[in-house]
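What follows is each chain in one-letter form.
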Amino acid sequence: MKRMIGRVSFVLLTLILIGVIAIVVIKPSVFSTNQQADVSLVKDRLVELTELTTLKYEYSNVIVSRNSTKVPLVEIKIAEAIKLIEYSGYLKAGTDLSNMEVSYNDTTEQLNVTVPHSTILDNVANTDDAKVTDVKGTLFSDYPSQLIFDEINKEKAKMEKTKIEQGLLTEADERIEAFLTEFLKNSGYETVAIEFK
């Protein structure tokens, strides 16, 4: 009888031990699978945004444009036209979230997100609202309309370069980091690390 009780106790203890081992070994992998599914879901929700615009800079500009009519084969100006071109535009800076990488570290319980650095997503000049004023011109001065658009395009490129040098893209990166950190913490991740590549 004592042997029977001993064997039953041994079998019960073995079953309990197997159950505890199964819970300890299998549960983390189930948790890990759930965590990976959550990470994938978060990434999918962010990628739906595709491009994340975090900064918009609006500007107005005035250009003085000159054009002169010369006698062919001789460097003599016979007429000069000067136009004052007023226009407005905007720059948008942000990043492309479709190239984002997301991973979760089970040990540190940290969500790691790598996103591309910000770039200029849009540089638009509102040519429809541009005002062109004659400052100087004569009957013989010729001022092609295309020259107005060429001048605006040159100034757009200069404006973009100036704003980048003044830190527009750095500020956009800071806003992306703040947005993603807040978004991911609201999604249930306590520790979030954002990196730029």
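Colleague: For this particular structure, what's the right way to read the overall build of the chain?
Modeller: A count of helical and extended segments in the chain gives three helices and seven strands. Secondary structure elements of the chain occur, N-terminal to C-terminal, as α-β-β-β-β-β-β-α-α-β. Classification of the 197 residues of the chain by burial places 29% in the buried group. Summed over all atoms, the accessible surface of the chain reaches about 13,100 Å², with 55% contributed by carbon and sulfur.

Colleague: What is the right way to look at helix α2 (residues 145–165) in this model?
Modeller: Given 3.6 residues per turn, any residue in an α-helix points the same way as the ones three and four places further on. For α2, built from 21 residues, the straight-helix expectation of 30 Å at 1.5 Å per residue is met to within 8% by its first-to-last C-alpha distance of 31 Å. Taken as a whole, α2 has its buried residues at I148, E151, I152, E155, K156, M159 and K163. Seen from one end, α2 has its buried residues packed into an arc of 145 degrees, which puts them on one side. Opposite the buried face of α2, by more than 90 degrees, sit the exposed residues K154, K158, K161 and E165.

Colleague: I would appreciate a short explanation of helix α3 (residues 168–186) in the present structure.
Modeller: Compared with an ideal rise of 1.5 Å per residue, which puts 19 residues at 27 Å, α3 spans 27 Å between its outermost C-alpha atoms and is within 8% of the ideal. Looking only at α3, the buried set comprises L168, L169, A172, D173, I176, L180 and L184. Around the axis of α3, the buried residues are gathered within 130 degrees of arc, so they sit on the same side. For α3, the exposed residues lying more than 90 degrees away from the buried face are E174 and N186. One or two steps after α3, the chain reaches G188, where phi turns positive at roughly 110 degrees.

Colleague: What's the story with the sheet that holds strand β3 (residues 101–105) in this structure? I'm lost.
Modeller: Sheets are built from strands that pair by backbone hydrogen bonding, the pairs being arranged parallel or antiparallel. The sheet built from three strands is open, its strands ordered β3-β4-β7 with mixed pairing. Every interior strand has two partners, whereas the edge strands, β3 and β7 (191–196), have only one. Within this sheet the neighbouring strands show an average axis-to-axis angle of 20 degrees, counted without direction. Two elements, β3 and strand β4 (residues 110–115), share five bridges in a ladder whose sense is antiparallel.

Colleague: What is the right way to look at the side chain of K163 in this model?
Modeller: Looking at where K163 falls in the secondary structure, it is placed in helix α2. E171 is the oppositely charged side chain nearest to the buried, salt-bridge-free K163, at an N-O distance of 7.7 Å. Residues in contact with K163, not counting those within four places in the same chain, are Y57, L91 and L168.

Colleague: It is not clear to me how the nonpolar core should be interpreted in this structure. Could you clarify?
Modeller: One recurring pattern in soluble globular proteins is that nonpolar side chains are buried together. Residues Y87, L91, A93, I120, I152 and L168 are the most contacted members of the largest nonpolar core, which totals 15 residues. Elements with a contribution of two residues or more to this core: β1 (51–70), β2 (77–96), β5 (119–125), α2 and α3. The greatest single-element share of this core, amounting to four residues, is contributed by β2. Ignoring anything within four residues of it in the chain, the contact list for L91 reads L55, K56, Y57, Y59, I120, D122, N123, M159, E160, K163 and L168. Core analysis: the next-biggest nonpolar cluster, separate from the first, contains 14 residues, L184, Y189, V192 and I194 among them.

Colleague: Looking at this structure, I do not really get the pattern of salt bridges. What am I missing?
Modeller: Pairing between side chains becomes possible if they bear opposite charge and their charged atoms approach one another. Applying the stated rule across the entire model yields four salt bridges. The closest approach of N and O atoms between K158 and E155, which form a salt bridge, is 3.3 Å. In this pair, K158 and E155 are both assigned in helix α2, three residues apart and thus about one turn of the helix distant. Taking the shortest distance from any N to any O, the salt bridge between E171 and R175 comes out at 3.2 Å. With a gap of four residues between them, E171 and R175 both fall in helix α3, about one helical turn apart.

Colleague: I tried to follow the environment of A125 on my own but got confused; where do I start?
Modeller: Along the polypeptide, A125 turns up in strand β5. Assessed through its relative accessible area of 14%, A125 is described here as buried. For the pair formed by A125 and Y90, sequence separation is 35 residues and the distance between their alpha carbons is 6.7 Å. Not counting residues up to four positions away in its chain, the partners in contact with A125 are Y87, S88, G89, I152 and K156.

Procedures and definitions
Residues numbered from 1 in each chain as written. Predicted model: local features only at pLDDT ≥ 70, side-chain atom pairs only at ≥ 80, totals over all residues. Heavy atoms only, no water. Helix = DSSP H or I, 4+ residues; strand = E, 2+ residues; numbered from the N terminus. Buried < 20%, exposed > 50% of the residue type's maximum accessible area, 1.4 Å probe, protein only. Areas by Shrake-Rupley, 256 points an atom, 1.4 Å probe, with all protein chains shown as cover. Expected span 1.5 Å × (residues − 1). Arc of directions from axis to C-beta. Pairing = 2+ DSSP bridges. Axes fitted to C-alpha atoms, helices over the stretch in contact; angles between N-to-C directions. Lys, Arg positive; Asp, Glu negative; His and termini not counted. Salt bridge = Lys/Arg side-chain N within 4 Å of Asp/Glu carboxyl O. Contact = heavy atoms within 4.5 Å. Core = buried A, V, L, I, M, F, W, Y, C linked by side-chain atoms within 4.5 Å.

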